[in-house]
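Below are the chains, spelled out letter by letter.
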Protein chains: 2
Amino acid sequence: MEIFDNFNPKEIFKDQPESKKNYINGTIYNNIKVPMREIKILGNKKKDQEKKLYVYDSSGPYSDEDTNINIKEGLHPLRKEWLLKRKPIHGSTSQISYAKKGIITEEMEFVAIRESQKNEILFEKNLERENRLKSRNKHFTIPEIITPEFVRKEIASGRAIIPSNINHPEVEPMIIGRSFLTKVNANIGNSAIHSSIEGELEKLLWSLRWGADTIMDLSTGKNIKETREWILRNSPIPVGTVPMYQALEKVGGNIEDLNWNVYRDVIIEQAEQGVDYFTVHAGILLPHVQLTKNRMTGIVSRGGAIMAKWCTTHHKENFIYTHFKELCEIMRHYDISFSLGDALRPGSIADANDEAQFAELKTLGELTKIAWNYDVQTMIEGPGHVPLHLIQENMEKQFEYCHEAPFYTLGPLTTDFAPGYDHITSAIGAAVIGWYGCAMLCYVTPKEHLGLPNKDDVKQGLIAYKIAAHASDLAKGHPAARSRDDALSYARYHFHWEDQFHLSLDPETARKHHDESLPEEKNLHTPYCSMCGPRFCSMRISSQIYEDKKI
Amino acid sequence: MEIFDNFNPKEIFKDQPESKKNYINGTIYNNIKVPMREIKILGNKKKDQEKKLYVYDSSGPYSDEDTNINIKEGLHPLRKEWLLKRKPIHGSTSQISYAKKGIITEEMEFVAIRESQKNEILFEKNLERENRLKSRNKHFTIPEIITPEFVRKEIASGRAIIPSNINHPEVEPMIIGRSFLTKVNANIGNSAIHSSIEGELEKLLWSLRWGADTIMDLSTGKNIKETREWILRNSPIPVGTVPMYQALEKVGGNIEDLNWNVYRDVIIEQAEQGVDYFTVHAGILLPHVQLTKNRMTGIVSRGGAIMAKWCTTHHKENFIYTHFKELCEIMRHYDISFSLGDALRPGSIADANDEAQFAELKTLGELTKIAWNYDVQTMIEGPGHVPLHLIQENMEKQFEYCHEAPFYTLGPLTTDFAPGYDHITSAIGAAVIGWYGCAMLCYVTPKEHLGLPNKDDVKQGLIAYKIAAHASDLAKGHPAARSRDDALSYARYHFHWEDQFHLSLDPETARKHHDESLPEEKNLHTPYCSMCGPRFCSMRISSQIYEDKKI
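Rules used throughout
- Residues numbered from 1 in each chain as written.
- Chains lettered and ligands numbered in written order.
- Predicted model: local features only at pLDDT ≥ 70, side-chain atom pairs only at ≥ 80, totals over all residues.
- Heavy atoms only, no water.
- Pairing = 2+ DSSP bridges.
- Helix = DSSP H or I, 4+ residues; strand = E, 2+ residues; numbered from the N terminus.
- Axes fitted to C-alpha atoms, helices over the stretch in contact; angles between N-to-C directions.
- Contact = heavy atoms within 4.5 Å.
- Buried area = accessible area lost by both parts, 1.4 Å probe.
- Salt bridge = Lys/Arg side-chain N within 4 Å of Asp/Glu carboxyl O.
- Left-handed = near helix turned anticlockwise from the far one by under 90°.
- Nonpolar A, V, L, I, M, F, W, Y, C, P; charged D, E, K, R; others polar.
- Buried < 20%, exposed > 50% of the residue type's maximum accessible area, 1.4 Å probe, protein only.
- UniProt positions renumbered as here; feature names shortened; annotations may be inferred.
- Polar contact = N/O pair within 3.5 Å; in protein donor to acceptor, adjacent residues only side chain to side chain.

Caption draft 1: Focus on the sheet that holds strand β1 (residues 19-25) of chain B. Residues and elements named next belong to chain B. As summarised here, the arrangement of the 3 strands in space is β1-β2-β3, forming an open sheet in which the pairing is antiparallel. Single-partner strands in this sheet number two, and they are β1 and β3 (52-56). Direction aside, neighbouring strands of the sheet carry axes that sit 40° apart on average. The pairing of β1 with strand β2 (residues 33-40) spans 7 bridges and is classified as antiparallel. Bridge assignment links S19 to a residue of β2, and that residue is I39. Along the sheet, helix α3 (residues 106-114) makes contact with β1, β2 and β3, crossing β2 at roughly 15°.

Caption draft 2: Representation of the sheet that holds strand β1 (residues 19-25) of chain A within the structure. Residue and element names in this part refer to chain A. Pairing is antiparallel in the open sheet, where 3 strands are placed in the order β1-β2-β3. The two strands at the open ends of the sheet, each matched to only one other strand, are β1 and β3 (52-56). Taking each pair of neighbouring strands and ignoring which way they run, the sheet shows an average axis angle of 40°. The strands touched by helix α3 (residues 106-114) are β1, β2 (33-40) and β3; relative to β2, the strand with the most contacts, the crossing angle is about 15°.

Caption draft 3: Representation of the interface of chain A and chain B. If you look at the interface, chain A gives 129 residues, while chain B gives 128 residues. Roughly 10800 Å² of surface becomes buried between chain A and chain B when both sides are summed, with 67% attributable to carbon and sulfur atoms. It is A:H389, A:F417 and A:F536 in chain A that bury the most area against chain B; as a group they hold 8% of the surface buried on that side. Remark: the boundary between chain A and chain B carries 8 salt bridges. Take the side of chain A that touches chain B: its biggest share by element is 12 residues, from helix α17 (residues 455-476) of chain A.

Caption draft 4: Spotlight on the packing of α3(B) against helix α5 (residues 148-156) of chain B. Residues and elements named next belong to chain B. Relative to each other, α3 and α5 sit at 115°, their axes nearing to 8 Å. As for the relative orientation of α3 and α5, their crossing is right-handed in sense. The segment α3 lies against α5, with M108, E109, V111 and A112 engaging P148, V151 and R152. Broken down by class, the residue content of the contact of α3 with α5 amounts to 5 nonpolar, no polar and 2 charged.

Caption draft 5: Region of interest: the pattern of salt bridges. Using the criterion set out here, one finds 67 salt bridges over all chains in the structure. Across the pair A:E154 and A:R159 runs a salt bridge, and its minimum N-O distance is 2.9 Å. What makes A:R159 partly exposed here is its relative accessible area of 26%. A salt bridge links B:D15 to B:R209; the nearest nitrogen and oxygen atoms lie 2.9 Å apart. Of this pair, B:D15 sits in the segment before β1 while B:R209 sits in helix α6 (residues 197-209), and the two are 194 residues apart along the sequence.

Caption draft 6: Quick look at the UniProt feature "binding site: Zn(2+)" (unreviewed entry) in chain A. Under the feature "binding site: Zn(2+)" (unreviewed entry), the UniProt entry names A:H385 and A:H449. These residues run over 65 residues, yet every pair of their C-alpha atoms falls within 12.2 Å of each other. Locating A:H385 in the fold gives a position in the loop between β11 (378-382) and α15 (391-401). When its relative accessible area of 5% is taken as the criterion, A:H385 is described as buried. Beyond its immediate sequence surroundings of up to four residues, A:H385 is in contact with A:P346, A:G347, A:S348, A:I349, A:A352, A:L413, A:T415, A:D416, A:H449 and B:R492. With a relative accessible area of 14%, A:H449 lands in the buried category. Other than its neighbours up to four places away in sequence, A:H449 contacts A:H385, A:L413, A:D422, B:R492, B:W497, B:Q500, B:C529 and B:M531. Of the polar contacts made by the side chain of A:H449, one reaches the side chain of A:D422; its length is 2.9 Å.

Dropping the structure here:
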């Protein structure tokens, strides 16, 4: 890997001015250090100067100025000491097994602190405002304070997971569940057409820069194992895979030659490396396949199509389904989480919410119960292409059939007619399903349906999804969500242009847009921008009204 | 205007391959020719070759190969003969006055045909699918067939409007109402910082290319009147303005010098030119202003802030409110529609759905009744910044307070934290409120809050909003909406790459994304793309399953 000799990953994280890494220590476990990003608020340089905004930060040590990074050595294994001192309970080391026994782990306290950034100091509490903006969700409410005990209960009940393979000690624990911040997954990985380890590693770093909470390595091309090793050792966020892809490569691409043993070998190999969650297509059964026959777009999940072909060729039941308990035993050992794949998700608006889709979802619900019995953390994958008015039914059926296990959806895309812009068609659906209670959103890039995403596509996809996730957090009333919007709007109204840039999702782009028409330094102190010019700036006029004290 | 000598506006409309303009004649009025775009479906060049998809087309004569365009002369005044033969009813020539009398005008039949493209020939009707996907809106259903009589009823009841000044005969009639396709408005116009007539005219054409249904000229800079004249004479879509901007320029920017007479002069000048709808800030009353005092971002409507300042400076009631009936008489004469402005829309998540906002909305409802009594077509403007869970309340209150008059919202933006990407933060809210019944969505560009949009910003804003509008049309069950998604998904599943590009919202971008990784011509016939490569293409595998006839 000569290419990494002159590679400084920290460069990618440099464009966050007035921003630095900070850590909060645990109280149950004082050896844990929970990372967050601290954004300095400049204000008018008098009264606001001591203010800071803390935001959730999934970028890992890369954005910490005081940490040395060496890609070849990998990240510091922060969980190693926690894991070493643990005594397995009944042979299980999984978070859910501890949670069921009433034990709060380091990981649980870590995520409780991580989810709790309320930034109360920024603004005086305004009761009228808090009441007016409070969430109105039917099925759940998020507590004002997220305690380690609350986390433990959510894990124990299966409503949340902390994906964290015991062989991935580099991971900074994060939680996926409807009562927590909505998370975003970024898919990376090569294909037979495009392949390079350094390219994929760069996409990992790029994903961290733009806020990915987990990453899936969906490589199907060359050097699958080696690529994954580089990713795992350098990833502070959980890594998911679809083991079927490597299994198919192992049998030379011949679907009919697949079998449980080949698949099991791949599972164990990836488990040993440290993969945190596996997408397994265990819920597509032989009788389901014929339900897709009259669909507009058949089966659009890669793993699902492979399994459907295997089942129909051999006329046998899905070998992952028939070996599910054995699979659970392996996964419990490593504390790998299930992401129960939706092989039959709709690939077009026409196929949304059909019989095939919901038949599989029911099976996923049955498998969830089995996984929980084996103390395996579990989430459920969801669609796909769904028009706006059918999204709620997806969430409610998942809630019912899958016993409140976290939902993890791809979009959904709300129209089929905009290839090249499916990050937008799907961000709409993602925001809506997140609000209804979907726990994690799998991003979609502008390249969806057209080709393998490049670096900029990864950025655009993540930006759209961080927006969707944040919109859903505001709507579901997560206590840490609104402070950033408030701080930015305050800066906007007071013409603190620098703060407006620093607090934004993409400071560089916000500044570039502003400077395109008013480039000079002095314009960062003017109470208007080129959109309206000085005479027509509503905020300027509005401020004058209150200053005149005529009201 | 030397610059237009070598200017060929049709160049802008060239990137729509296998696409041509077509017209449908009226049956009540056989002199009307309703435009639409016909996209040829290439398919596998045997069985599909006769298929065509018709789509709604707001681009006007510019996209018609057989029409000569001369920017200096303006467009052909197609409504001139309709208007000439009309006898005003009680001094009124407005669409609502005819509708109330039971008269179907040319404009009404025109929009009925325009909204009725069902493309039934493309796919066999699948009843299970139609039932599964049908709309579930509480407050309204869209009929299977949109007849001229249905249009008339909607206009008569005030639930829809056809903005069409008698002095803008170049306009191709279009309808705004919840039972019709969701429309998109693009704002153009210069500011004191950036100004050029040709620049604004280019933005008009660019807006037409990307699907704007109406345009607002929000110029506040130089040559306001001349710019507007060029825009009106060359615009096949309705043009809206905010007359207050020109009124303020007339009094040298001194808000306190404004008065009814100055405002009235501007109204008449613009009415004579042919402006189709006016945003008037008649609903913000003196007592409302103090309700905004504890807001995060005060008053963020330009016209609203100006009027609030005027009211508080003079301690007098809003002069548009006090002269509203006189204004109605002028507007009825020209058949100009009201867009009753929301001066107190929230400019931040923190201010959403507050007392000030809804107090003004109630006043807008009272004004709606008055406007209807004067036979003036009316729509109501809406917010702004609103978190996802408070959007529905906006639509329901508007529905109730404003007696079902069409709602026309800016976004709403669902978060404040992403300047530079507010086309996305707001497309989410726009799609949702469109689904609930909002009739027209005012686009937001990536430059929102930061500067005046340029050509590419206009395109990005419109793309995001055409997606939002289409997502809402699918969800509210407009009969013309789904055929394009179905045709594109069919092409996708059958690897008809060319059709996939031609049917997409932005053919050039879709093709570019595909070709980035598989550029050769031959790849347009391969049954996979670079995203998954040949072995892992789910659609390819899925097709094989059905071909094998094992299910």
